[in-house]
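Take a look at the letters that make up each chain.
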Amino acid sequence: MSVHPQVAAYRAARAAAGTPPLYTQTLAEARAADLAAIRAGGGAVEPVREVRDTHVPGPAGDLPVRIHRPAGEGPLPTLVYFFGGGWTLGSVDTADGICRRLANAVPCQVVTVGYRLAPEHPFPAAVHDCHAATAWLATHPEEFGVDPERVAVGGDSAGGNLAAAVTLLARERGGPRLAAQLLVYPNTDQSAVPDGDGEDPLLFNRRSVAWYRGHYLTDPADARHPLASPLLAANLTGLPPALVITAEHDPLRAEGERYAHRLREAGVPTTLTRYAGMIHGFFAMPGAFDDGRRAQDQAAAFLRGRLGKPGGGTAGSAATVSGGGAGGKGER
């Protein structure tokens, strides 16, 4: 496959190190290795004015949250961010670098939610945790310094899936009102055979997708539930404006892009950008991939437009154009 030179270098380094696929490791090993890889590729840790760990009530007990607060007084626009890791790996530490950069760049408050992980807590535990935390933050604005009129959700990979599911659940339950959704290479159809470039064990591949699904969905019928597979929701109208980011060489690319097109067809202002030559995970590793930094900058600009003033900014649907070359991006 034709990958970006930085992807080729990343793959070669993993080959030289003999890095085993996460799906060949125990859960404990995979969880530690996932966090170590993200930290290694995350680049310099950006300082923010305040980082605070606390808890909010969840459906089955308190949920850990990490609050990243930039300079500024009073209520702030707030992004509730859900980390990736296939609903099986990850913690508030996983997305710390992303949250710091977005907090400074938007600027806005970014809150990461430590939702329950599978297989200990399979679907739909994570969805309900993420919705409960978002609703609590939006309905207790004084406690957390939140502007309740400017709340967005976002996440990468499984976190993008959870963000999309939270928008569906918020619409169904009448709140909280959300100003935007940031979906970075999201899982959107658990019932589909993932696309991609084969079974390269050095990169995220179809076996990776199956391994995560197997932990999250204990009942195969759940794969068709809209909260597990937002692409299968009958109605996507009335959802918040979206930015969907995909990577060219990602088995989740096609389903993420289909979801973006369905959002647009439902009248939801949606921008879809495919990063040429990139692979799953690039957004979380700007220290390894320049396009990771570019994608984070794009996410910050999108959120700035939606959260920059009460009521959000104005945004239209992106035009469909061809993807860019290696290192480029195409808005679709």
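The sections below set out a description of the structure shown in this document. Everything quoted here is computed from the prediction, not taken from an experiment.

## As for the overall build of the chain
At step 1: When helices and strands are tallied, the chain shows 9 helices and 9 strands.
At step 2: Computed over C-alpha atoms, the radius of gyration of the chain comes to 18 Å, within 12% of the 20 Å expected from 2.2 N^0.38 for 332 residues, which places it in the range of a compact globule.
At step 3: Based on the C-alpha atoms only, the size of the chain along its principal axes is roughly 50 × 45 × 40 Å.
At step 4: Taking all 332 residues of the chain together, 57% fall into the buried category.
At step 5: Contacts spanning at least 24 positions in sequence make up 77% of the contacts within the chain whose residues lie at least 6 apart.
At step 6: The distance from the centre of the 31 positive side-chain charges to the centre of the 33 negative ones in the chain is 4 Å.

## A short note on helix 9 (residues 290–307)
At step 1: For helix 9, with 18 residues, the first-to-last C-alpha span of 26 Å sits near the 26 Å given by 1.5 Å per residue.
At step 2: Of the residues making up helix 9, those classed as buried are Asp 291, Gly 292, Ala 295, Gln 296, Gln 298, Ala 299, Ala 300, Phe 302, Leu 303, Arg 306 and Leu 307.

## Observations regarding the state of the cysteines
Disulfide: a covalent bond formed between the sulfur atoms of two cysteine residues.
At step 1: Inspection of the entire model under this criterion finds 0 disulfides.
At step 2: Its sulfur unpaired, Cys 99 is 9.2 Å from the next cysteine sulfur, which belongs to Cys 108.
At step 3: You can call Cys 99 buried: its relative accessible area is 0%.
At step 4: Cys 130 takes part in no disulfide bond, and the closest cysteine sulfur to it belongs to Cys 99, at a distance of 12 Å.
At step 5: A relative accessible area of 0% places Cys 130 in the buried class.

## Description of the nonpolar core
At step 1: Residues Tyr 81, Phe 82, Leu 162, Tyr 216, Phe 282 and Phe 283 are the most contacted members of the largest nonpolar core, which totals 93 residues.
At step 2: The biggest single contributor to this core is helix 6 (residues 158–173), with 9 residues.

## So, the pattern of salt bridges
At step 1: Applying the stated criterion to the full structure yields 16 salt bridges.
At step 2: The partner of Arg 116 in a salt bridge is Asp 129, and the shortest N-O contact between them spans 2.8 Å. Taken together, the residues span a long stretch of sequence, with Arg 116 in the loop between strand 4 (109–113) and helix 4 (125–139) and Asp 129 in helix 4 at a distance of 13 residues.
At step 3: Asp 129 gets classed as buried once you look at its relative accessible area, which sits at 0%.
At step 4: Counted as one network, the salt bridges with shared partners bring together Asp 53, Arg 66, Asp 93, Asp 96 and Arg 100.

## Some words on the packing of aromatic side chains
At step 1: Applying the stated criterion across every chain, the model contains 8 aromatic pairs.
At step 2: Each ring, one from Trp 211 and one from Tyr 212, has its centre 5.2 Å from the other, and the planes form 65°; the classification is edge-to-face.
At step 3: On the basis of relative accessibility, which here comes to 16%, the residue Trp 211 falls in the buried class.
At step 4: Taken together, a centroid distance of 5.3 Å and an interplanar angle of 45° make the contact between Tyr 275 and Phe 282 tilted.

## Quick look at the packing of helix 3 (residues 96–105) against helix 9
For any two helices packed against each other, one specifies the inter-axial angle together with the distance between the axes.
At step 1: Where helix 3 meets helix 9, the axes come as close as 9 Å, and the angle between the chain directions of the two elements is 45°. As the angle between them shows, helix 3 and helix 9 are arranged oblique. Classified by chirality, the crossing of helix 9 by helix 3 is right-handed. Here Ile 98, Arg 101, Leu 102 and Ala 105 of helix 3 lie close against helix 9, whose contacting residues are Arg 293, Gln 296, Ala 299, Ala 300 and Arg 304.
At step 2: Class assignment of the residues belonging to the contact of helix 3 with helix 9 gives a composition of 5 nonpolar, 1 polar and 3 charged.

## Some words on the pairing of strand 7 (residues 242–249)
At step 1: Where burial is concerned, most of strand 7 is hidden: 7 out of the 8 residues are buried.
At step 2: Sheet analysis places strand 6 (residues 180–184) next to strand 7, joined by 4 bridges and oriented parallel. From the neighbouring strand, Leu 182 faces strand 7, where its bridge partner is Leu 243.
At step 3: In this sheet, strand 8 (residues 270–279) lies alongside strand 7 in parallel orientation, the contact comprising 7 bridges. When the sheet's bridge partners are listed, Ala 247 is paired in strand 8 with Tyr 275.
At step 4: With helix 8 (residues 253–265) bridging strand 7 and the parallel strand 8, this β-α-β connection has right-handed handedness.

## Things to note about the side chain of Arg 66
At step 1: Structurally, Arg 66 can be placed in strand 2 (residues 61–69).
At step 2: A polar atom in the side chain of Arg 66 sits 3.3 Å from the side chain of Asp 96.
At step 3: Contacts of Arg 66, omitting those with residues within four sequence positions, involve Val 51, Arg 52, Asp 53, Val 92, Asp 93, Asp 96, Val 110, Val 111 and Thr 112.

Rules behind the numbers
- Residues numbered from 1 in each chain as written.
- Predicted model: local features only at pLDDT ≥ 70, side-chain atom pairs only at ≥ 80, totals over all residues.
- Heavy atoms only, no water.
- Helix = DSSP H or I, 4+ residues; strand = E, 2+ residues; numbered from the N terminus.
- Rg over C-alpha atoms; globule rule 2.2 N^0.38 Å.
- Buried < 20%, exposed > 50% of the residue type's maximum accessible area, 1.4 Å probe, protein only.
- Contact = heavy atoms within 4.5 Å.
- Lys, Arg positive; Asp, Glu negative; His and termini not counted.
- Charge placed at Lys NZ, Arg CZ, Asp CG, Glu CD.
- Expected span 1.5 Å × (residues − 1).
- Disulfide = S-S within 2.5 Å.
- Core = buried A, V, L, I, M, F, W, Y, C linked by side-chain atoms within 4.5 Å.
- Salt bridge = Lys/Arg side-chain N within 4 Å of Asp/Glu carboxyl O.
- Phe/Tyr/Trp six-rings, centres within 6.5 Å; stacked < 30°, edge-to-face > 60°.
- Axes fitted to C-alpha atoms, helices over the stretch in contact; angles between N-to-C directions.
- Parallel < 35°, antiparallel > 145°, perpendicular 65-115°, else oblique.
- Left-handed = near helix turned anticlockwise from the far one by under 90°.
- Nonpolar A, V, L, I, M, F, W, Y, C, P; charged D, E, K, R; others polar.
- Pairing = 2+ DSSP bridges.
- Right-handed = clockwise from strand over helix to strand, strands pointing away.
- Polar contact = N/O pair within 3.5 Å; in protein donor to acceptor, adjacent residues only side chain to side chain.

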